[in-house]
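# Per-entry structural report
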Amino acid sequence: MSKALIVYSSRTGQTKNIAELIAEGLRLSAIDVAIKDVTEIKREDELADYDLYVFGSSTYHGAMMDRMKTFLFLAERAELHGKPGGSFGSFGWSGEAAERIYDTMKNIYGMDMVSTPLMLKTGAVGGGIKVAHDYGRELAAKIA
């Protein structure tokens, strides 16, 4: 069974909720998923042995959470080149975090990214649950 890792940084819980919804979409596609708060990852070797990587952060004052920035520097040493990936984030009025994470994964790490980052205000309204599930399925198709 293929394994996916979702790492998130959440300020109010919305990004964590989106991570869990993406995980459900992956699990519906028979992918084993580990979800971790960004503070749980201490070393780059903890990113080894996954087939798919999904990183997300809430956007706060136009930027990703500082904890996610620190994690991205750590992940840069994890040899993720060519691995499939995606990014996501919650936001209030702008969504820069998900886009910046996506660009980092694609252009700095050299990962094989899905079409776009997933940006949601919340997973609970406006079809957010379905959109997040569909994103999980799109990610799963990268390793099917």
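Keep in mind the model is a prediction, meaning the values are calculated, not measured.

## Describing the overall build of the protein chain
- If you tally the helices and strands in the protein chain, you get 4 helices and 8 strands.
- The helix and strand sequence of the protein chain, counted from the amino end, reads β-α-β-β-β-β-α-β-α-β-β-α.
- Once the C-alpha set of the protein chain is aligned to its principal axes, its extents read approximately 35 × 30 × 25 Å.
- Among the 144 residues that make up the protein chain, the fraction classed as buried is 49%.
- Sequence-distant contacts in the protein chain: of pairs separated by 6 or more residues, those separated by 24 or more amount to 77%.
- When the accessible area of the protein chain is evaluated, it comes to approximately 6,900 Å², of which 50% is carbon and sulfur surface.
- Counting 17 positive and 19 negative side-chain charges, the protein chain places the centres of these two groups 4 Å from one another.

## A look at the environment of Asp-49
- Residue placement: Asp-49 occurs in the loop between strand 2 (32-37) and strand 3 (52-57).
- For Asp-49, a relative accessible area of 64% translates into the label exposed.
- Through-space distance from the C-alpha of Asp-49 to that of Leu-5 is 9.5 Å; in sequence the pair is 44 residues apart.

## Thoughts on helix 2 (residues 66-75)
- Within the span of helix 2, buried status applies to Met-68, Phe-71, Leu-72, Leu-74 and Ala-75. The arc that holds every buried residue of helix 2, seen down its axis, measures 155°, which confines them to one face. With respect to the buried face of helix 2, the exposed residues turned more than 90 degrees away are Asp-66, Thr-70 and Phe-73.

Calculation notes
Residues numbered from 1 in each chain as written. Predicted model: local features only at pLDDT ≥ 70, side-chain atom pairs only at ≥ 80, totals over all residues. Heavy atoms only, no water. Helix = DSSP H or I, 4+ residues; strand = E, 2+ residues; numbered from the N terminus. Buried < 20%, exposed > 50% of the residue type's maximum accessible area, 1.4 Å probe, protein only. Contact = heavy atoms within 4.5 Å. Areas by Shrake-Rupley, 256 points an atom, 1.4 Å probe, with all protein chains shown as cover. Lys, Arg positive; Asp, Glu negative; His and termini not counted. Charge placed at Lys NZ, Arg CZ, Asp CG, Glu CD. Arc of directions from axis to C-beta.

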